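# Residue-level structural notes
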Amino acid sequence: MKIAVGADHAGFIYKDRIAAMLRARGHEVLDFGTHDAIPVDYPRYGYAVGEAVASGLCRRGIVVCGSSLGISMAANKVPGVRCAPVCEPYMTQLARRHNDANVLALSERLTGWEMIEQLVPIFLETPFDGGRHAYRVEQLFSFGDDDRARAVEAIEDGRVIGAETPPELL
Ligand code: RB5
């Protein structure tokens, strides 16, 4: 599998180790940096990995920053990206099974390396469950200007709009 990796200065050590782990497992790795501890801005690296995945250049992406949060927010700004910041195995499994996550965000400051070694294979090997989850995942990208206008109008009117999920999918 072709996998994009990226990190800021607070995540590059794990990113390099993850890249080595992926290569040892036979994956092709596209490394977007950064490569040392000189402070950089995490959004640039999140966008780069996000674009690599959303464009189809890479099938999956893994990003690392100090907390996993900033870089995941950046990756999620790229349309088509479903980036999940995770810290334990079941969460990682659900990110694949329910959310079809195509980018994983990891924390170098909060998550031990032994845990990372467990999480990366789970992310790569767990399939998406599909079904009702596909219907929900599609909504992440179909929410547009009309939906926003409808929500704002309802808020202004003091109304709460209910979800309109077909009963068979609930
Ligand atoms: C860098 O100090 C740190 O803010 C960054 O790696 C990340 O944790 C941001 O969310």
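Note that the structure is predicted; figures quoted are calculated from it, not measured.

Counting across every chain of the model gives one aromatic pair. Lying across the ring of Trp113, Arg17 places its NZ or CZ 5.0 Å from the centre. The ring of Phe123 is capped by Arg60, whose NZ or CZ atom sits 5.0 Å from the centre of that ring.

In this section: the site of the ligand. The local shell around the ligand consists of Asp8, His9, Ala10, Tyr42, Cys65, Gly66, Ser67, Gly70 and Arg109. Between the ligand and Asp8 there is a distance of 2.6 Å, counted from an oxygen atom to a side-chain nitrogen or oxygen. In this structure, Ser67 approaches the ligand through a main-chain N or O atom, which is 3.0 Å from an oxygen atom. The protein chains hide 71% of the 290 Å² of surface that the ligand would expose on its own. Each residue belonging to the shell around the ligand can be placed in one class, and the counts come to three nonpolar, four polar and two charged.

A few words on the side chain of Glu108. Relative to the helices and strands, Glu108 resides in the loop between β5 (103-107) and α5 (113-125). At 7.0 Å, Arg109 is the nearest oppositely charged side chain to Glu108, a buried residue that forms no salt bridge. Each residue touching Glu108, except ones within four places of it in the same chain, is listed here: Ala10, Gly11, Phe12, Ile13, Tyr14, Val64, Cys65 and Gly66.

The next thing to look at is the side chain of Ser107. Positionally, Ser107 belongs in strand β5. Classification of Ser107 as buried rests on a relative accessible area of 2%. In terms of polar contacts, Ser107 uses its side chain to reach the backbone amide nitrogen of Leu110, at 2.9 Å. Beyond its immediate chain neighbours, meaning those up to four positions away, Ser107 contacts Tyr14, Val64, Cys65, Gly66, Ser67, Ser68 and Ile116.

Let's shift gears to the state of the cysteines. Going through the model one piece at a time under the given rule, you end up with zero disulfides. You can see Cys65 has no disulfide; the closest cysteine sulfur is in Cys83, sitting 9.3 Å from it. Classification of Cys65 as buried rests on a relative accessible area of 4%. Using a relative accessible area of 8% as the deciding quantity, one classes Cys83 as buried.

What counts and how
Residues numbered from 1 in each chain as written. Predicted model: local features only at pLDDT ≥ 70, side-chain atom pairs only at ≥ 80, totals over all residues. Heavy atoms only, no water. Phe/Tyr/Trp six-rings, centres within 6.5 Å; stacked < 30°, edge-to-face > 60°. Lys NZ or Arg CZ within 6 Å of the ring centre and 35° of its normal. Near = heavy atom within 4 Å. Polar contact = N/O pair within 3.5 Å; in protein donor to acceptor, adjacent residues only side chain to side chain. Areas by Shrake-Rupley, 256 points an atom, 1.4 Å probe, with all protein chains shown as cover. Nonpolar A, V, L, I, M, F, W, Y, C, P; charged D, E, K, R; others polar. Helix = DSSP H or I, 4+ residues; strand = E, 2+ residues; numbered from the N terminus. Buried < 20%, exposed > 50% of the residue type's maximum accessible area, 1.4 Å probe, protein only. Lys, Arg positive; Asp, Glu negative; His and termini not counted. Salt bridge = Lys/Arg side-chain N within 4 Å of Asp/Glu carboxyl O. Contact = heavy atoms within 4.5 Å. Disulfide = S-S within 2.5 Å.

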